[in-house]
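# A closer look at the structure
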Amino acid sequence: MMRFYLLLLVAWLAVLQPHPVFAHGGVVEEEDLCVIKVNYLRGHFKIYQPLLDGHEEYCEDLPNATESIFVMEYMHDSLANAAVDFRIVRDVTGKGRFARWEDVEAIPDLDAVTVFYREPRVDPDVLTVMHEFTEEGHFIGIVTANVTGDDQVHRAVFPFEVGYTGVGYWPFFILLLAAIQVHYLLMSGRLKTWWSARSAATALLLVLVMQSDADAETWRSDRGLFEVRIESSLQPIAINQMHSWTLYLDSEGTAVSGAELTVTGGMPEHDHGMPTRPRVTEEVAAGVYRLRGMRFHMAGQWEIVVEIDAGGRRDTVTILLNL
Amino acid sequence: MNKTGIWVILVTTVVLSAIASHQWPRVGSWTEAERAVLRSLWLGSLPDVPVDTSNSVAGDPVAAEFGHALFFSTRLSPSNAIACVTCHRPELNFTDGMQKGRGVGQSQRNTMSIVGSAHSPWQYWDGRRDSQWAQALSPIEDPAEHGGHREHVVEVIAADSDLRARYESVFGELPAMDNEANVDRVFSNVGKAIAAYERLIQPGRSRFDDFVEAVLDEDPHRQRALYSNDEIAGLRLFIGKAQCTQCHNGPLLTNNEFHNTGVLSFPGDLPDKGRAAGVREVLRDPFNCAGRFNDAAGATCDELEFARTGFEVLGAFRTPSLRNLSNTQPYMHKGQLFTLTDVLEHYNEAPLAMIGHNEAKPLGLTAQELAQLEAFLETLAAPLATAERWLSAPVPEER
């Protein structure tokens, strides 16, 4: 009970202390992610000052007047296809964190206070702009997206400061919270249980994963609708070589013809996909499909996921491969 | 327990931990799996240079001589100042020692080594060309490099009796030059001759390869004679904890694939989109596998057809070979990292990528381990397997 009150006290104190990165206008922090809201379209937002701070990511306020790179990764496909412009103006509205579009619109000569402007342009993969701030101060960023076929105005207005100092006392409070929690876990013996549960889970997973010898085996789909057998044109399957597979698709012993197969894959341990985009290009015989464009570029544990749609009957097969 | 007892226990624990954490090299005791990995990295496992069906003169020695002359010739640039060799210097493993290449103007990327590049399906950091011959054409028309154009190249060949004779002995009579299609054809042939020469530039046998043979022969004496303790420890890290073989695998120590490793942007430049932009460009290149200059009629172009696009290749760059590293600094796509120490620290840290996703994870290696890794990497250096005469300008024939 004591612990609960202690934690509560520390958390309240932590929240109270001034935090430099609050939500302002079009940019908000949601569950650890910095998100820019261009009307309802969203992007993952981050700012770098590589010359002085290397890989440090900022959400809005920047500590230095220096080369700053703004990055917007699209969480919404429409943004990727929209013509987006990016403007930074000196904040002459006097509203600081509370400045909104109406305040910006009221500025008589926008160009006179614009320190950076990038013309509308479609950036298919990611939006990046770079501006070197020559002086500290308060600024307002305005991002406008022109989505084809959509008459709505998509705009984000985010005030920010260049040249704030300090990160506040967050690290101290977090450490204190963690210390209290760990102390409790140690004292109550919960830490040991948690630790062995984790090891047990890992062991179980390893056992399951070890049962993989993809080539010879028949793989059953998740809901039990299909069986898939694979044959590789490359025997044994070596890395860094383009090759193809033949997939034999059965349902309860009968070949399944005319199915649509989509193949993706990756290495779960290494958090990346396949180096190519393989495709089933033809059905060479009833239930026999040619899968081309297969390549593996690393040794290790691979997962190939085949999504099957046979006239409305849908299921997924996961093939495990240890190279 | 008395005080002495406690002290004995404490000191013993400290000493034992120190001994346990030191990297003792286990010379001579390589497991079956480790031997297999070493064999895969060994130069002896390098297959013959793959046949390039898109280039019918790739294996032609006369074409290679012609390509040799073209590679070293400054006449392909209108300024008569820039040749391929200006940036691809043989004494620096065919790189130029600069962060970004400099021809007539400032290029935007680090000059890649061409050694062993015949084995790669893609050329350039972003894979924007899919053959050596298509790549060879690109710098000629790049305003920052040769600053030239194909009409000029064709004129130079037509006007010079020696070059013209060499061209015609490989490709037949020079066609009429008033026709755009003919100019393109001659230009593509120039690239193919240069590629025939570049295919000859291959890495040579290094101390690492000797060491692998000693391991495969199960000869611990020779292993100890070839490698220091640190180098052995570095090799074990390379194929183990440091996870380098995820991308630096195969006899050239590269899988020639595209990876985002979270390299910081170059000062004054936006973060480089890498393969995401490169794959778009290669699909548009008229000299690609699917284009009409492919000498293999009706060829299948699996690499182009199944190339990966999108977020996964955003900020991703082609893995370079690790052979002859010491001659190829600075490192990374814009030469952002100057020394091997910088590179190893970068991988140890595995920072989040500015754009795209860094698949690497922090390694948690100690300073001693990083130094051992570096010591191992130095053992990959070796003279090229290419005959000397190809590594300098061709001697003009007596006429």
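This one's a predicted model, so the numbers in the text were calculated from it and none came from an experiment. (Residues numbered from 1 in each chain as written. Chains lettered and ligands numbered in written order. Predicted model: local features only at pLDDT ≥ 70, side-chain atom pairs only at ≥ 80, totals over all residues. Heavy atoms only, no water.)

Glancing now at the nonpolar core. Residues and elements named next belong to chain B. Among the nonpolar cores identified, the biggest contains 42 residues, and F71, F94, I157 and I201 are the most heavily contacted of them. Elements with a minimum of two residues in this core: helix 3 (61–72), helix 4 (84–87), helix 5 (132–140), helix 6 (150–159), helix 7 (161–171) and helix 8 (180–198). Tallying contributions element by element places helix 8 first for this core, with nine residues. Membership of the second largest hydrophobic core comes to 35 residues, among which are L344, L370, L377 and L380. (Core = buried A, V, L, I, M, F, W, Y, C linked by side-chain atoms within 4.5 Å. Buried < 20%, exposed > 50% of the residue type's maximum accessible area, 1.4 Å probe, protein only. Helix = DSSP H or I, 4+ residues; strand = E, 2+ residues; numbered from the N terminus.)

As a further point, take the state of the cysteines. Per the stated rule, a full pass over the model turns up two disulfides over all chains. Between the sulfur atoms of A:C34 and its disulfide mate A:C59 the distance is 2.0 Å. Taking the sign of the S-S torsion, about 80° here, the bridge from A:C34 to A:C59 comes out right-handed. Within this pair, whereas A:C34 is found in strand 2 (residues 33–38), its partner A:C59 is found in the loop between helix 2 (50–53) and strand 4 (67–74), the two being separated by 25 residues in sequence. Pair check on accessibility: A:C34 and A:C59 agree, each one buried. Paired by a disulfide, B:C289 and B:C301 hold their sulfur atoms 1.9 Å apart. Handedness here is read from the sign of the S-S torsion; for B:C289 and B:C301, about -85°, the answer is left-handed. Remark: B:C301 occurs in the loop between helix 12 (275–284) and helix 13 (302–305) and B:C289 occurs in the loop between helix 12 and helix 13; sequence separation between them is 12 residues. (Disulfide = S-S within 2.5 Å.)

It is worth spelling out the confidence of the model for chain B at this point. Residues and elements named next belong to chain B. When the pLDDT values of chain B are averaged, the result is 94; 97% of them are 70 or greater. When pLDDT is averaged over each element of chain B, strand 2 (residues 317–318) comes out on top at 98 and helix 1 (residues 3–21) at the bottom at 80. Interface confidence for the predicted complex, expressed as ipTM, amounts to 0.85; the pTM equals 0.82. (pLDDT = per-residue confidence, 0-100.)

Because each turn of an α-helix spans 3.6 residues, side chains separated by three or four positions in sequence point in the same direction. Residue and element names in this part refer to chain B. Those residues of helix 2 (residues 32–41) that fall on the buried side of the exposure criterion are E34, R35, L38 and L41. For helix 2, the buried positions fall inside an angular range of 120° around the axis, keeping them on one side. Across from the buried face of helix 2, at angles greater than 90 degrees, the exposed residues are E32 and A33. Here the buried face of helix 2 lies against helix 9 (207–216) and helix 11 (229–239). (Arc of directions from axis to C-beta. Contact = heavy atoms within 4.5 Å.)

Further remarks concern the environment of A:V84. Residue and element names in this part refer to chain A. For V84, the location among the structural elements is in strand 5 (residues 83–90). On the basis of relative accessibility, which here comes to 1%, the residue V84 falls in the buried class. Excluding residues within four positions of it along the chain, V84 makes contact with M72, L79, R118, E119, P120, R121, L127, V143, T144 and A145.

Turning next to the environment of B:A64. All names here are of chain B. Take A64: it is sitting in helix 3. Take A64: its relative accessible area is 3%, and that puts it in the buried class. Taking the C-alpha atoms as reference points, A64 and N189, 125 residues apart in sequence, are found 12 Å from one another.

With that settled, consider the sheet that holds strand 6 (residues 114–121) of chain A. Residue and element names in this part refer to chain A. Within the open sheet, the four strands sit side by side as 6-5-8-9. Their pairing is antiparallel. Here the strands that pair on one side only, and so sit at the sheet edges, are strand 6 and strand 9 (154–162). Recorded for the sheet is a direction-independent mean angle of 15° between the axes of neighbouring strands. Bridge count for strand 5 against strand 8 (residues 137–146) is eight bridges, and the pairing is antiparallel. The partner of R87 across the bridge, within strand 8, is I142. (Pairing = 2+ DSSP bridges. Axes fitted to C-alpha atoms, helices over the stretch in contact; angles between N-to-C directions.)

We now examine the side chain of A:T276. Structurally, the position occupied by A:T276 is in the loop between strand 15 (272–273) and strand 16 (279–285). From its side chain, A:T276 meets the backbone oxygen of A:G293 in a polar contact 2.6 Å long. Setting aside residues no more than four positions away along its own chain, A:T276 makes contact with A:M242, A:G293, A:M294, A:R295, B:F306 and B:R308. (Polar contact = N/O pair within 3.5 Å; in protein donor to acceptor, adjacent residues only side chain to side chain.)

This brings us to the packing of helix 3 of chain B against helix 7 of chain B. All names here are of chain B. As a packed pair, helix 3 and helix 7 sit with axes 9 Å apart at the nearest point and diverge in direction by 150°. Of the two elements, helix 3 crosses helix 7, and the hand of that crossing is left-handed. Contacts from V62, A63, E65, F66 and A69 in helix 3 reach L163, R166, Y167, S169, V170 and F171 in helix 7. Taken together, the residues of the contact of helix 3 with helix 7 break down into eight nonpolar, one polar and two charged. (Left-handed = near helix turned anticlockwise from the far one by under 90°. Nonpolar A, V, L, I, M, F, W, Y, C, P; charged D, E, K, R; others polar.)

The next subject is the pattern of salt bridges. Pairing is possible between side chains that carry opposite charge, provided their charged atoms lie close to one another. Tallied over the entire structure, the rule returns 47 salt bridges over all chains. The network of salt bridges with shared partners includes B:K100, B:R109, B:D126, B:R128, B:R129, B:D269, B:D272, B:E281, B:D285 and B:K334. (Salt bridge = Lys/Arg side-chain N within 4 Å of Asp/Glu carboxyl O.)

In this section: the side chain of B:T328. With respect to the helices and strands, B:T328 occurs in the loop between strand 2 and helix 14 (340–349). Side-chain polar atoms of B:T328 contact the backbone oxygen of B:L325, separated by 2.9 Å.

Further remarks concern the pairing of strand 18 (residues 301–310) of chain A. All names here are of chain A. Taken across its 10 residues, strand 18 has seven buried, putting it largely inside the fold. With seven bridges joining them, strand 14 (residues 260–267) and strand 18 adopt antiparallel strand pairing. Counterpart to G265 in the pairing with strand 18 is I304. Relative to strand 19 (residues 313–322), strand 18 runs antiparallel, the two being bridged by 10 bridges. If you follow A310 over to strand 19, its bridge partner there is R313.

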